[in-house]
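# Survey of secondary and tertiary structure
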Protein chains: 2
Amino acid sequence: MTDHSHNEPLVIFMPSGRRGRVPAGTLVLDAARQLGVEIESICGGRLTCNKCRIRVEEGQFAKHGISSASSHLSPASADETRLLEKLESLDCRLSCNAQILDDALIFVPEESRAHKQVVRKAATERVIDLFPAVRQVFVEVDQAQLGEHRGDWGRLQDALAAKWDLHNLTIDLPALRELQANLRSGKWAVTVTLWQDHEVIDVQPGYQEGVYGLAVDIGSTTIAGFLCNLRTGEILATDSMMNPQVTYGEDLMSRISYAMMHNNGLDKMHTAVIEALNHLAASTAREAGIRQRQIQEAVFVGNTTMTHILLGISPVELGGAPFALANRAAMDVKARELGLRLHRGANIHVLPAEAGHVGADNVAALIAEEPYNQEDVTLLVDVGTNAEIVLGNKEWMLSASSPTGPAFEGAQIRFGMRAAPGAIERVRIDPETWEARFRVIGEEGWSDSWHIGVEFPVEEQPKHLAAGICGSGIIEVVAEMFLAGILQPDGRFNPDLPHERIRWDGKRGEYILATAEQSTMGMPVVVTQDDVRNIQLAKAALYAGIKLLMNEAELETVDRIVLAGAFGSYIDPKYAMILGLIPDCDLEKVTAVGNAAGDGARIALLNKHKRTEAQRISEWVTYVETAVHPQFQEEFVGAIHLPHASDAFPHLNGLLPELKSGSELNGNGRIERRRRRRARNPEIGD
Amino acid sequence: MTDHSHNEPLVIFMPSGRRGRVPAGTLVLDAARQLGVEIESICGGRLTCNKCRIRVEEGQFAKHGISSASSHLSPASADETRLLEKLESLDCRLSCNAQILDDALIFVPEESRAHKQVVRKAATERVIDLFPAVRQVFVEVDQAQLGEHRGDWGRLQDALAAKWDLHNLTIDLPALRELQANLRSGKWAVTVTLWQDHEVIDVQPGYQEGVYGLAVDIGSTTIAGFLCNLRTGEILATDSMMNPQVTYGEDLMSRISYAMMHNNGLDKMHTAVIEALNHLAASTAREAGIRQRQIQEAVFVGNTTMTHILLGISPVELGGAPFALANRAAMDVKARELGLRLHRGANIHVLPAEAGHVGADNVAALIAEEPYNQEDVTLLVDVGTNAEIVLGNKEWMLSASSPTGPAFEGAQIRFGMRAAPGAIERVRIDPETWEARFRVIGEEGWSDSWHIGVEFPVEEQPKHLAAGICGSGIIEVVAEMFLAGILQPDGRFNPDLPHERIRWDGKRGEYILATAEQSTMGMPVVVTQDDVRNIQLAKAALYAGIKLLMNEAELETVDRIVLAGAFGSYIDPKYAMILGLIPDCDLEKVTAVGNAAGDGARIALLNKHKRTEAQRISEWVTYVETAVHPQFQEEFVGAIHLPHASDAFPHLNGLLPELKSGSELNGNGRIERRRRRRARNPEIGD
């Protein structure tokens with residue numbers, strides 16, 4: 001710093017504390033840029049966007065050694081004052097209009113920072129740094145003149161280079177087609193939307209704020225979408241729907257078979273998911289009050305079969321060894337190439353996969369939970385129609401997949417349904433009376449406990465009407481039935497328990513969870529022996545996969561367990577462990593985080609650097625092929641029991657009912673035989 | 001070079017003369033690469049493509065100081081010998097199979113060089129270096145294996161990097177969609193088609209040779225296409241057709257008006273040209289015996305209005321000052337984005353423009369003729385519905401455009417037609433008898449001269465039947481009529497010339513060029529006073545533009561004139577000068593090069609480096625706005641005369657008829673008045 005510069009005003013930006021001297025008269029916005037403080041500005045100093053508000057912190061001058069000059073900043077112009085009045089921010093200044101005249105301590109509020117942080121409301125509250133791939137800048141362009149031949153796009157490029165330091169840009173053809181009309185109707189001032197600071201995807205006349213993105217987790221059974229404001233990070237709308245591909249097969253293998261057996265099978269499933277995504281885009285846009293065509297980017301995650309079909313790539317190679325992916329890396333494709341009706345220049349980003357059976361959804365869950373940044377060994381279990389399991393810490397990480405089937409999502413369950421209003425999501429069964437209470441999505445509190453056989457008083461309508469049971473409800477009801485002794489450890493109904501809630505069809509029992517009066521259909525919502533069997537098969541497949549990974553890592557226990565899954569509502573870790581979905585662990589260290597894949601998709605939508613991280617992580621994780629592992633069968637058989645035939649669960653001490661070890665192996669053998677029959681011929685029932 | 005290396009064999013490649021030492025056992029192909037000699041190879045040493053044949057030049061060993069060793073190369077394997085026998089090339093070796101054992105002098109024949117040269121058959125014979133943007137490589141890919149998760153695209157990338165040193169590749173979605181099936185049906189050996197060594201646009205199973213490209217000059221009136229083999233540079237088929245947009249307006253201004261006045265005007269004209277291009281692609285592919293979907297790239301040139309409409313960009317801004325282009329730079333767009341039915345991954349390249357009225361067609365003519373590489377001052381005139389004029393040399397270059405209208409392309413001419421079989425393309429009129437002979441496209445030699453009024457002998461059918469007159473025919477017949485005294489210098493028919501070939505309708509004469517017996521229609525093909533007027537107006541606009549450029553450059557004369565234009569057949573420079581289309585010049589220095597824009601398109605198709613040159617030149621040329629120049633009117637009026645009212649043509653001395661200066665100014669004034677009336681109201685006839 002020269003002597004001369006010591007006469008220049010000292011400026012300190014809070015809360016970062018960055019400080020430096022700038023020539024008197026420097027705009028606060030420019031001073032901030034010089035000192036590496038990023039203040040948001042779309043209009044670039046035209047008193048239009050009002051994003052760059054700052055405050056002079058007079059009260060703290062002495063503390064920071066700032067002289068108490070009479071005027072630190074140039075006085076506000078009439079235009080600026082009028083704007084600040086309108087914004088009810090008269091204590092603020094616009095940094096694009098205020099010049100630094102003397103030493104100043106300037107506070108940049110959160111909402112004025114270029115890269116904001118969004119608080120993510122999950123079990124573990126975490127922040128997302130905002131670095132969206134799509135952003136807008138406002139720019140004034142030289143007017144076309146006779147004798148000057150750069151062309152409108154050339155002139156726009158020059159303006160973007162001079163004003164925003166953006167170089168080597170390309171322009172998407174649809175944007176170029178409307179460029180001339182928009183430049184002229186905007187009187188040579190336009191709002192430019194950029195993708196990755198590289199491609200101009202939209203040019204609108206004048207100042208027009210609004211960048212929106214859609215993050216979607218394409219599950220085999222459920223599609224969940226989040227529409228976000230890319231400037232603020234805010235979630236504007238969420239929606240979920242059944243994946244319409246279920247018509248062509250409930251699980252991945254049946255969809256792959258469908259593509260293999262039907263000439264136009266891939267086309268049909270591709271078209272179905274594209275149509276569903278168009279509906280999702282429309283419904284979330286409607287809820288957010290924007291137009292569907294304003295969605296300028298989308299991030300998609302899903303298992304590999306889902307992402308292959310999404311891109312119109314046949315999934316048949318994923319159906320058999322060596323389970324070869326067409327492409328493991330992330331992809332960017334124009335939405336219009338897929339028939340997606342988003343902004344006409346929108347790109348879609350599909351996160352990378354790890355291996356043939358661990359897809360972008362798992363990578364998304366990883367970047368959401370970041371177990372690779374921790375010392376503790378974390379077990380991350382993402383439960384869906386296909387479950388993904390990741391085990392490791394910052395040193396190493398193993399992943400595997402387990403074909404659990406759709407039972408956890410309410411399919412293959414008599415009264416199963418997806419997590420939507422009317423679904424039973426939590427259950428309590430009184431171990432003394434065997435009566436049930438439940439909670440229904442969309443209603444407050446617990447249901448009353450209705451006694452079967454007691455005449456229903458007409459004047460007392462039940463408050464909680466159930467339409468079915470969703471994933472978390474299934475897990476709780478089976479666990480509660482086990483705790484109440486209705487189910488034996490082998491999963492069979494206890495034959496020695498006469499109660500009006502337990503009905504028998506020969507040797508097969510069923511439990512009335514909600515009475516006819518408590519159901520929207522006027523018939524009882526029951527949990528059948530088949531439902532219980534399907535849950536057992538699903539959880540055994542999951543547990544066996546987990547055990548194989550733990551064996552591979554030579555671990556007896558894990559430090560933490562993260563339970564993820566688009567159950568709709570969060571699963572209670574205690575019930576997951578009672579059921580034997582996960583191995584024993586300190587319950588304090590087990591967290592349920594909901595749809596981590598969806599969270600990860602949203603994170604990648606809001607922060608492009610997380611896409612780079614996703615690519616790195618996807619290549620770093622070691623995939624373990626568990627399905628063909630020689631020990632899989634053995635681990636599977638042991639895990640069919642509730643919670644397990646041999647593994648100890650010391651952290652459940654006192655919670656589990658006393659084990660009656662008599663009929664265990666017998667029942668177990670029956671289930672195993674049934675599983676084998678089914679594998680040979682899926683048509684055969686029980 | 002180390003001592004050790006002196007023991008290594010010396011290898012010299014001819015004709016380049018590059019030499020160096022390589023370890024004994026080095027493949028000839030590898031030695032060539034090390035020494036910077038590019039030998040073509042698609043299969044990369046699999047004895048499949050047979051492109052890398054070389055010869056050992058034993059006879060010339062002594063001359064190059066090469067020891068006369070007994071075996072310079074390793075003996076041919078049985079496979080190689082079998083191949084060479086099949087190719088009848090037993091004097092050759094395949095450089096991918098032959099190892100260098102001792103000093104060798106190796107000749108690389110033209111057809112084996114990686115970057116061939118194609119002789120361009122124009123007036124000035126020139127070669128095109130082959131550097132196509134699209135090329136093929138054959139590659140073997142690691143098979144997918146359990147426990148290895150790169151994905152098929154990852155494996156293909158790795159193989160392309162290892163074998164062909166190709167990095168940072170992307171893959172077009174349609175190619176990715178078929179990648180897995182093609183890798184497997186090709187048994188993990190595939191032929192990959194690359195665009196700009198950057199994007200994989202096609203993957204075919206096994207070894208499948210064939211890269212094709214289409215170069216198209218989209219004229220306002222005529223569309224001309226050239227289908228080329230991109231590996232050999234050969235033209236496989238050419239075709240031309242009327243631009244279907246003529247329905248919406250004959251010249252540029254009327255098309256721009258159509259886009260302005262009709263809501264779907266742009267759409268209609270865009271669809272029309274795309275459909276025409278699809279027909280052109282189909283017809284040329286059929287002629288070449290390939291499928292339309294095998295055309296992997298296309299280069300398009302045209303004036304700015306044509307390229308705007310091609311890309312679906314409204315041309316309305318080009319219709320009025322300041323004549324702003326949407327985009328001046330070159331563009332690459334996926335053919336499928338425009339609805340062009342080429343290869344599904346094909347890109348199209350549109351050459352850059354210079355200014356609002358000097359488009360990619362003129363840039364193409366420039367890279368074909370390269371006046372910017374010469375000492376001589378060249379005048380390049382590209383005649384079409386809109387004429388482009390370029391003047392300069394390697395130091396400076398000016399360009400202008402002149403709205404000549406479509407008369408030179410046979411439009412606005414009673415019997416005008418495009419250059420197709422049946423069109424009169426050359427004309428001779430006997431100055432003594434005023435009888436005409438002509439040549440017809442598609443027939444040999446000159447027509448007989450039939451005397452009007454003489455009974456036509458039934459047994460003698462005329463050999464040459466005319467359907468109309470094309471551009472070059474129009475120019476010759478008007479010039480010959482002038483030379484024969486049928487037309488006066490002011491363009492009016494000589495009233496003092498009674499002859500059965502000259503008919504009168506009041507004061508308006510017409511000349512019978514082909515008799516009813518000589519025409520396909522059974523009626524005489526005539527040249528009317530209006531036809532002559534339209535040619536006069538067109539050539540005056542052109543000449544005025546040339547003069548303004550010469551004035552701007554302060555030049556009285558030019559060193560060379562290059563006459564270009566899609567007349568179909570070449571224009572005779574002498575007649576162009578007699579008509580006063582171009583200024584005086586040594587006739588030896590005036591060359592007609594035909595469709596230089598089409599040639600330039602083909603050059604850019606075959607040599608990607610020429611695209612870079614085109615971009616540089618397009619920005620370097622100085623455009624002069626002649627249409628709004630204050631002297632334009634004055635120059636125009638003087639240029640209406642045949643050949644000119646005041647400019648001298650010393651190089652035509654002895655060729656022109658004696659001037660009768662009496663009625664000149666009078667007739668001149670009449671035409672000028674008519675032109676003004678027309679400019680006000682195009683409906684008004686004469």
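Since the structure is predicted, the reported quantities are computational estimates derived from the model, not experimental observations.

Analysis parameters
- Residues numbered from 1 in each chain as written.
- Chains lettered and ligands numbered in written order.
- Predicted model: local features only at pLDDT ≥ 70, side-chain atom pairs only at ≥ 80, totals over all residues.
- Heavy atoms only, no water.
- Pairing = 2+ DSSP bridges.
- Helix = DSSP H or I, 4+ residues; strand = E, 2+ residues; numbered from the N terminus.
- Domains from an automatic or database assignment.
- Contact = heavy atoms within 4.5 Å.
- Buried area = accessible area lost by both parts, 1.4 Å probe.
- Salt bridge = Lys/Arg side-chain N within 4 Å of Asp/Glu carboxyl O.
- Polar contact = N/O pair within 3.5 Å; in protein donor to acceptor, adjacent residues only side chain to side chain.
- Nonpolar A, V, L, I, M, F, W, Y, C, P; charged D, E, K, R; others polar.
- Least-squares fit on C-alpha atoms with pLDDT ≥ 70 in both.
- pLDDT = per-residue confidence, 0-100.

Before going further, it helps to examine the sheet that holds strand E28 (residues 590-594) of chain A. Taken in spatial order, the 6 strands of this open sheet run E28-E27-E18-E19-E20-E29 (chain A), and their pairing is mixed. The sheet terminates laterally at E28 and strand E29 (622-623) of chain A, the two strands that pair on one side only.

In this section: the environment of A:Leu581. Tracing the backbone through its elements, the reader meets A:Leu581 in the loop between helix H12 (573-579) and E28. Once the C-alpha coordinates of A:Leu581 and A:Leu266 are considered, the two residues, 315 residues apart in sequence, prove to be 33 Å apart.

This paragraph deals with the domain arrangement of chain A. A common measure of how large an interface is: the accessible area buried when the components associate. Residues and elements named next belong to chain A. What the domain assignment reports for chain A is domain 1 (10-112), domain 2 (134-205), domain 3 (212-350) and domain 4 (370-686). With 31 residues of domain 3 at the contact, the number on the domain 4 side is 21 residues. When domain 3 packs against domain 4, close to 2,000 Å² is buried across both sides, 62% of that on carbon and sulfur atoms. Summed over the three residues of domain 3 that lose the most area to domain 4, namely Thr221, Glu250 and Arg328, the buried surface amounts to 19% of that side. Taken together, domain 3 and domain 4 are joined by 1 salt bridge. Glu297 is the partner of Arg611 in a salt bridge, and the nearest nitrogen-oxygen pair spans 2.7 Å. Applying the counting criterion to the domain 3 and domain 4 interface returns 3 residue pairs in polar contact (both at pLDDT 80 or more). Mapped by element, the contributors of at least two residues to the side of domain 3 that touches domain 4 are strand E12 (212-218), strand E13 (222-229), strand E14 (235-242) and strand E15 (295-302). The class makeup of the residues in the side of domain 3 that touches domain 4 is 17 nonpolar, 9 polar and 5 charged.

With that settled, the discussion passes to the relation of the copies chain B and chain A. Structural alignment of chain B on chain A gives an RMSD of 0.1 Å, achieved by rotating through 180 degrees and translating 0.0 Å along the axis. Viewed as a symmetry operation, the transformation between the two copies matches a two-fold axis. Proximity to the rotation axis, assessed at the C-alpha, singles out B:Glu337 in chain B; its C-alpha lies 4.5 Å from the axis. In this assembly the copies share their binding face: 100% of the residues contributing to the interface of chain B also contribute to that of chain A.

What follows covers unusual backbone geometry. Residue A:Pro643 is bonded to the preceding A:Leu642 through a cis peptide linkage, with omega at -15 degrees. Checked against the element boundaries, A:Pro643 lands in the loop between helix H15 (632-639) and helix H16 (664-680). Cis rather than trans, the peptide bond between B:Ala321 and B:Pro322 has omega equal to 0 degrees. Among the structural elements, B:Pro322 can be located in the loop between helix H8 (304-310) and strand E18 (331-334). With a phi close to 60 degrees, A:Trp434 is a non-glycine residue in the positive phi region. You will see that B:Glu554, though not glycine, has its phi angle at about 55 degrees, which is positive.

When the pLDDT values of chain A are averaged, the result is 87; 89% of them are 70 or greater. What the predictor reports for the complex is a pTM of 0.83 with an ipTM of 0.82.

A few words now on the interface of chain B and chain A. Across the boundary between the two partners, chain B contributes 42 residues, which contact 42 residues of chain A. Of the roughly 3,200 Å² buried between chain B and chain A on both sides combined, carbon and sulfur atoms contribute 58%. Taken together, chain B and chain A are joined by 4 salt bridges. Across the salt bridge formed by A:Glu337 and B:Arg336, the nearest N and O atoms sit 2.8 Å from each other. Here chain B and chain A share 18 residue pairs in polar contact (both at pLDDT 80 or more) between them. At the level of secondary structure, the elements contributing two or more residues to the side of chain B that touches chain A comprise helix H4 (151-164), helix H5 (173-185) and E18 of chain B. Top contributing element to the side of chain B that touches chain A by residue count: H5(B), with 6 residues. Its residues placed into classes, the side of chain B that touches chain A shows 21 nonpolar, 10 polar and 11 charged.

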